[in-house]
Amino acid sequence: MSQIYEVSVESFVDGEHKLEKYQGCVLLIVNTASRCGFAHQLTGLQELYERYKDDQFQILAFPSNQFMNQEPLNDEEIPKVFQAKHGVTFPIFKKIDVRGANIHPLYDRLTSATKGVGSSKIKWNFTKFLIDRHGNVVERYGPGVSIERIEDEVVNLLG
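Here the structure is a predicted model, which means the values were calculated and not measured.

Reading the values: the criteria
- Residues numbered from 1 in each chain as written.
- Predicted model: local features only at pLDDT ≥ 70, side-chain atom pairs only at ≥ 80, totals over all residues.
- Heavy atoms only, no water.
- Salt bridge = Lys/Arg side-chain N within 4 Å of Asp/Glu carboxyl O.
- Helix = DSSP H or I, 4+ residues; strand = E, 2+ residues; numbered from the N terminus.
- Buried < 20%, exposed > 50% of the residue type's maximum accessible area, 1.4 Å probe, protein only.
- Contact = heavy atoms within 4.5 Å.
- Pairing = 2+ DSSP bridges.
- Right-handed = clockwise from strand over helix to strand, strands pointing away.

Chemist: I'd like a rundown of the pattern of salt bridges, residues and numbers included.
Modeler: Taken as a whole, this structure holds five salt bridges when the rule is applied. Two residues, Lys94 and Glu10, come together in a salt bridge whose shortest N-O distance is 3.4 Å. Of this pair, Lys94 sits in the loop between helix H2 (77–86) and helix H3 (105–113) while Glu10 sits in strand E1 (residues 8–11); the two residues are 84 residues apart in sequence, bridging distant segments of the chain. On the basis of relative accessible area, Lys94 is assigned to the partly exposed category, the value being 23%. Notably, a salt bridge pairs Glu50 with Lys53, separated by 3.5 Å at the nearest N-O pair. Glu50 sits in the partly exposed class, given a relative accessible area of 38%.

In structure tokens:
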């Protein structure tokens, strides 16, 4: 079993559970913030999710307030705002640290498996990690990478 599946996360819907729940799925994991300039991507991510969710594709959103306080909302408000503004129905988890001394174990594993520009640390909101059906990190995308480019890779992994 991939190390990613051993990580526990806390969701609004089913509380704390291990990511093994998503074993066999293609995953796109993204750190989000409601007041980020990239928050408009949530709409495109929801559209991507709608197109492929029946093919064992999941998007997992992990809000973080580590970049210029762009996620000031509390854990209960975040899903409501994402739903109201962007129609988000994919899983949104409780707020976590994606870098630094208190980095969540999931992001520790994701960033250890990939390199960003200059270092492996997350540099901004909406960094995305594409995970294959076996739990392997296939690609890391910076915040500005288009959903269309990511979609091509998702389709390839879904086969």
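Chemist: Summarise the environment of Leu28; cite the residues concerned and give the values.
Modeler: Structurally, the position occupied by Leu28 is in strand E3 (residues 26–32). Ignoring any residue separated from it by four or fewer positions in sequence, one finds Leu28 in contact with Leu45, Leu48, Phe57, Gln58, Ile59, Leu60, Lys128, Phe129, Leu130 and Ile150.

Chemist: Can you explain the environment of Asp152? Please cite residues and give values.
Modeler: Inspection of the secondary structure puts Asp152 in helix H4 (residues 147–158). Looking at Asp152, the relative accessible area reads 52%, which means it is exposed. Sequence separation between Asp152 and Asn136 is 16 residues, and the spatial gap between their C-alpha atoms is 18 Å.

Chemist: Break down the pairing of E3 for me, with residues and values.
Modeler: Counting buried residues along E3, seven of its seven residues qualify, which places the element largely inside the surrounding structure. Taking every second residue as pointing to the same face, both faces of E3 are buried, with Val26, Leu28, Val30 and Thr32 on one and Leu27, Ile29 and Asn31 on the other. In this sheet, strand E4 (residues 57–63) lies alongside E3 in parallel orientation, the contact comprising seven bridges. If you follow Ile29 over to E4, its bridge partner there is Leu60. Of the crossover connections in this fold, the one passing from E3 over helix H1 (residues 41–52) to the parallel E4 is right-handed. In the sheet, E3 pairs with strand E5 (residues 128–131) via four bridges, with the strands oriented antiparallel. By the bridge assignment, Leu28 is partnered in E5 with Leu130.

In short, the description is geometric, and any link to function would need to be established separately.
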